[in-house]
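Here are the chains, one letter per residue:
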Amino acid sequence: MEEPLVRFKGVTKVISSRTLVEDLTLDISAGQVFGFLGPNGAGKTTTIRMMVGLMSITKGDILIGGHSIRKNYEQAASQIGAIVENPEMYKFLSGYKNLVHYARMMPDISEERIREVIELVGLTDRIQDKVSTYSLGMRQRLGVAQALLHRPKLLILDEPTNGLDPQGIRELRDYLRMLSRKEGTTVFVSSHLLSEMELMCDTVGVIQNGKLIDVRQLRTSEGERSFEETAFEVHDTALAGQLLKAFQYRVQGSRIIVRGDRSMIAEMNAELVRGGVKVYGIQPITTSLEDQFLEMTGSERHD
Ligand SMILES: Nc1ncnc2c1ncn2[C@@H]1O[C@H](COP(=O)(O)OP(=O)(O)O)[C@@H](O)[C@H]1O
Ligand SMILES: [Mg+2]
């Protein structure tokens, strides 16, 4: 197993005796788009501020590429590109001049690399225009281009979809996915909206009241949706339950619903058939994340 790119080890943040983030332990492997999902006030920005060194860590540590944010800040931070607060832009300069300005503050950014990031975020046609004429989505992309200049292994975006329309969100998702494919960049993106996270991310971690309450994979490394749950429709749910007792399951009418990834489905089916259970149907269940998220956070459904 490859060393995870990001490791949270019991990360805790306390400010004036209030615990904002509590004992956060989480590994994020390289190359994926990771979603940090939680309602407003959950502790997402606080966590991100600790990741990028804008805020101290009360207890625990965060490792980026094996380097400790606490003990080895320079090396850890050199692997991060981030947009935490609104990126500073010079509105009356062109996008290009803004990038050149930032490139000068970093070592060894070539003219060619500037061109490359512009291409990557799809701003080639408009890069000579003043930033004041850009849409919010374009400013966002310019911010990402800026964060990518030094080829970070990890790109961190705090609520990047805020204020974007559905078209902008779709574009953001497409280029984040492309980024992880083309540059191998791992993306850490926060949001309070599950529907956006489902579209964008391979894995989602759910934070509530400063605590990580769930982590689940939404897509396989090939980008296919992974099914967390599968329903087997059978003639005898009790017998089926006995045969599948090694797995987590629940019974719903004539269906037995199991948890487990795709590769286990064929194995479970073989087990059922061997044990004499008639299997009438096998159905993946993909909607469980939303229901569980609403359940966990106690939110209302708005649709
Ligand atoms: N500097 C601070 N001092 C005290 N409390 C803070 C500070 N920053 C954030 N908080 C509180 O910590 C909680 C988590 O905030 P935040 O990390 O911004 O949540 P999120 O980004 O998930 O909306 C909130 O209740 C917020 O009021
Ligand atoms: Mg926030």
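Notes on the structure follow. Computed from a prediction, not measured in an experiment: that's the story for all the values here. (Residues numbered from 1 in each chain as written. Chains lettered and ligands numbered in written order. Predicted model: local features only at pLDDT ≥ 70, side-chain atom pairs only at ≥ 80, totals over all residues. Heavy atoms only, no water.)

The strand order β6-β7-β8-β3-β9-β10 describes an open sheet built from six strands, whose pairing is mixed. In the strand order of this sheet, the two ends are held by β6 (80-83) and β10 (211-217), each with one partner. Each strand of the sheet is rotated relative to its neighbour by a mean of 15 degrees, with strand direction disregarded. Relative to strand β8 (residues 186-191), strand β3 (residues 33-37) runs parallel, the two sharing five bridges. When the sheet's bridge partners are listed, V33 is paired in β8 with V187. Each of β3, β6, β7 (154-157), β8 and β9 (203-208) is contacted by helix α1 (residues 44-51), which is oriented at about 150 degrees to β8, the strand it contacts most. Sitting on the sheet, helix α6 (residues 166-182) touches β3, β7 and β8, and the angle it makes with β7 is about 165 degrees. (Pairing = 2+ DSSP bridges. Helix = DSSP H or I, 4+ residues; strand = E, 2+ residues; numbered from the N terminus. Axes fitted to C-alpha atoms, helices over the stretch in contact; angles between N-to-C directions. Contact = heavy atoms within 4.5 Å.)

What follows concerns the side chain of D61. Along the chain, D61 falls in strand β4 (residues 59-64). No salt bridge is formed by the buried D61, whose closest oppositely charged neighbour, K71, lies at an N-O distance of 4.3 Å. Only 2.6 Å separates the side chain of D61 from the side chain of S68, close enough to count as a polar contact. There is a polar contact of 3.5 Å between the side chain of D61 and the backbone nitrogen of R70. (Buried < 20%, exposed > 50% of the residue type's maximum accessible area, 1.4 Å probe, protein only. Lys, Arg positive; Asp, Glu negative; His and termini not counted. Salt bridge = Lys/Arg side-chain N within 4 Å of Asp/Glu carboxyl O. Polar contact = N/O pair within 3.5 Å; in protein donor to acceptor, adjacent residues only side chain to side chain.)

Before going further, it helps to examine the packing of aromatic side chains. Taken as a whole and judged by the stated rule, the model has three aromatic pairs. When the ring of F8 is compared with that of F188, the centres are 6.3 Å apart and the planes differ by 45 degrees; the resulting orientation is tilted. In this pair, F8 sits in strand β1 (residues 6-15) while F188 sits in strand β8, placing the two residues 180 residues apart along the sequence. Looking at F8, the relative accessible area reads 1%, which means it is buried. F188 gets classed as buried once you look at its relative accessible area, which sits at 1%. Taking 5.2 Å as the distance between ring centres and 45 degrees as the angle between the ring planes, the aromatic pair formed by F36 and F188 counts as tilted. With a gap of 152 residues between them, F36 in strand β3 and F188 in strand β8 connect regions that are remote in the sequence. Residue F36 shares its accessibility class with F188, and that shared class is buried. Pairwise contacts between aromatic rings join F8, F34, F36 and F188 into one cluster. (Phe/Tyr/Trp six-rings, centres within 6.5 Å; stacked < 30°, edge-to-face > 60°.)

Next up on the list: the pattern of salt bridges. Applying the stated criterion across every chain, the model contains 11 salt bridges. The salt bridge involving D174 is made with R173; its shortest N-O contact spans 3.3 Å. Here the residues in one salt-bridge network are R113, E116, R151 and E183, joined through shared partners.

What follows concerns the pairing of β9. Burial within β9 is extensive, with six of its six residues counted as buried. Burial of the side chains of β9 extends over both faces: T203, G205 and I207 are buried on one face and V204, V206 and Q208 on the other. Examined bridge by bridge, β3 and β9 share four bridges and lie parallel to one another. Residue pairing across strands places F36 opposite G205, the latter belonging to β9. Bridge count for β9 against β10 is six bridges, and the pairing is antiparallel. Bridge pairing in β10 links G205 to V215.

With that settled, the discussion passes to unusual backbone geometry. A positive phi angle is found at S16, which is not glycine, with a value near 35 degrees. Relative to the elements of secondary structure, S16 occurs in the loop between β1 and β2 (18-28). The class for S16 is exposed, based on a relative accessible area of 67%. Despite not being glycine, E159 shows a phi value in the positive range, around 50 degrees. Along the chain, the position of E159 falls in the loop between β7 and α6. Judged by relative accessible area, E159 falls into the buried class, the value being 12%.

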